[in-house]
Amino acid sequence: MTAPIEKLEVRQGDITRLAVDAIVNAANRSLLGGGGVDGAIHRAAGPELLAECRTLGGCPTGEARLTMGYRLPARYVIHTVGPVYRGRHEDARLLTSCYRHSLALAAQRGARTIAFPAVSCGVYGYPIEAACGIAVDATLAYLAEEDRIERVIYVLFSASDRRIYEDHIARRGQA
Ligand code: ADP
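Residues numbered from 1 in each chain as written. Predicted model: local features only at pLDDT ≥ 70, side-chain atom pairs only at ≥ 80, totals over all residues. Heavy atoms only, no water.

Asks: Give me the lowdown on the nonpolar core, citing residues and values where you can.
Replies: Residues I78, Y99, I114, V152, Y154 and Y165 are the most contacted members of the largest nonpolar core, which totals 36 residues. No other element matches the ten residues that helix α4 (residues 128–145) contributes to this core. Aside from chain neighbours lying at most four places away, what touches I114 is A22, V24, I78, S102, L103, A106, I149, R151, V152 and I153. With 18 residues, the next largest nonpolar core counts A45, L72, V77 and A115 among its residues. (Core = buried A, V, L, I, M, F, W, Y, C linked by side-chain atoms within 4.5 Å. Buried < 20%, exposed > 50% of the residue type's maximum accessible area, 1.4 Å probe, protein only. Helix = DSSP H or I, 4+ residues; strand = E, 2+ residues; numbered from the N terminus. Contact = heavy atoms within 4.5 Å.)

Written out as structure tokens, the structure reads:
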């Protein structure tokens, strides 16, 4: 069995280009599209994605919902709603919950490869270092319990964010 940390990968670029089983969208509670990565995913997937999202009736913060990927190379989109950062303990709990729910949905639908953007780290204001620690902790905890997921890719837009993830995972690997 592959150790959970060996299943983690960090890349820089546009998540809409990834041919994985599922990409995660940093959505808002309406699930009806927005800016940032959400806008990019809807543009790349085409209008069928919004049509399916309309049938879902929104999603509470900390949970996730699955749709097809339509014109994306990814088979599924998992829409999760991260917390707006306010510096409370609740923020970390909700962000952890986004990762757990997204991974569980992916596993339930037979997805073996999943890619995450830095959920909540754009307009929702979560500091990237803290969010990275939460993302990696939540993913490793999940992978330790459930081994159907083979690869988890964190896709960062900027080189500085990519380095934060790479350094964090390298330190975790040495611990
Ligand atoms: P949130 O509302 O959850 O903060 P945003 O979409 O504003 O979500 O930002 C989340 C992260 O996604 C940010 O770090 C942003 O730089 C990044 N991002 C934006 N577009 C893309 C994309 N096409 N691929 C990967 N990451 C992206």
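Structure shown, so let's carry the discussion forward.
Asks: With reference to specific residues and values, describe the sheet that holds strand β2 (residues 22–27).
Replies: Spatially, β1-β6-β5-β2-β4-β3 is the arrangement adopted by the six strands of the open sheet, whose pairing is mixed. Every other strand in the sheet has two partners, leaving β1 (8–12) and β3 (64–68) as the edge strands with one partner each. Here the strands of the sheet are splayed against their neighbours by 25° on average, with no regard to which way each runs. As paired strands, strand β5 (residues 113–116) and strand β6 (residues 151–156) are joined by four bridges and run parallel to one another. Paired with F116 across the strands is Y154, a residue of β6. Where helix α1 (residues 36–45) meets the sheet, its contacts fall on β2 and β4 (76–81), and the angle it forms with β2 comes to roughly 130°. Where helix α5 (residues 159–174) meets the sheet, it contacts β1 and β6, and its direction lies at approximately 165° from that of β1. (Pairing = 2+ DSSP bridges. Axes fitted to C-alpha atoms, helices over the stretch in contact; angles between N-to-C directions.)

Asks: Run through the site of the ligand, naming residues and quoting values.
Replies: Taken together, 14 residues sit near the ligand, with D14, I15, V37, S120 and G122 positioned nearest. In this structure, I15 approaches the ligand through a main-chain N or O atom, which is 3.0 Å from a nitrogen atom. Here an oxygen atom of the ligand and a backbone polar atom of G122 are 2.8 Å apart. Look at the ligand: alone it shows 570 Å² of surface, and the protein chains cover 89% of it. Tallying contributions element by element places α1 first for the shell around the ligand, with three residues. (Near = heavy atom within 4 Å. Polar contact = N/O pair within 3.5 Å; in protein donor to acceptor, adjacent residues only side chain to side chain. Areas by Shrake-Rupley, 256 points an atom, 1.4 Å probe, with all protein chains shown as cover.)

Asks: Tell me about the side chain of T16, and name the residues and values.
Replies: With respect to the helices and strands, the residue T16 is situated in the loop between β1 and β2. Here D14 takes part through its side chain, which lies 2.8 Å from a polar atom of the side chain of T16.

Asks: An account of the environment of G34 is needed here, citing residue identities and associated values.
Replies: Turning to its location among the elements, G34 is positioned in the loop between β2 and α1. Not counting residues within four places of it along the chain, the set of residues in contact with G34 comprises N28 and G39.

Asks: Can you explain the packing of aromatic side chains? Please cite residues and give values.
Replies: Going through the model one piece at a time under the given rule, you end up with four aromatic pairs. With a centroid separation of 4.6 Å and 35° between ring planes, the pair formed by Y99 and F116 is classed as tilted. Residue Y99 is found in helix α3 (residues 89–108), and its partner F116 is found in strand β5; the two are separated by 17 residues along the sequence. Comparing Y99 with F116 shows no difference in burial state: the two are buried. The rings of Y99, F116, Y154 and Y165 are connected pair by pair, giving a single aromatic cluster. (Phe/Tyr/Trp six-rings, centres within 6.5 Å; stacked < 30°, edge-to-face > 60°.)

Asks: Let's hear about the packing of α4 against α5: which residues, and what values?
Replies: In contact at an axis separation of 10 Å, α4 and α5 are set at 45° when each is read in the N-to-C sense. By the criterion of interaxial angle, the relationship of α4 to α5 is oblique. Crossing handedness for the pair α4 and α5: right-handed. In this structure, α4 uses I128, E129, A131, C132, G133, A135, V136, D137 and L140 to contact α5, whose residues at the interface are D161, I164, Y165, H168, I169 and R172. In the contact of α4 with α5, the residues fall into nine nonpolar, two polar and four charged. (Parallel < 35°, antiparallel > 145°, perpendicular 65-115°, else oblique. Left-handed = near helix turned anticlockwise from the far one by under 90°. Nonpolar A, V, L, I, M, F, W, Y, C, P; charged D, E, K, R; others polar.)

Asks: I'd like to hear about the packing of α1 against helix α2 (residues 47–54), residue by residue, with values.
Replies: For the pair α1 and α2, the least separation of the axes is 5 Å and the interaxial angle reads 115°. The angle between α1 and α2 falls in the class roughly perpendicular. Note on element contacts: α2 touches α1 through E48, L49, L50 and C53, opposite I41, H42 and A45. Residues that form the contact of α1 with α2 fall into these classes: five nonpolar, one polar and one charged.

Don't take any of this as a statement about function, it's just geometry.
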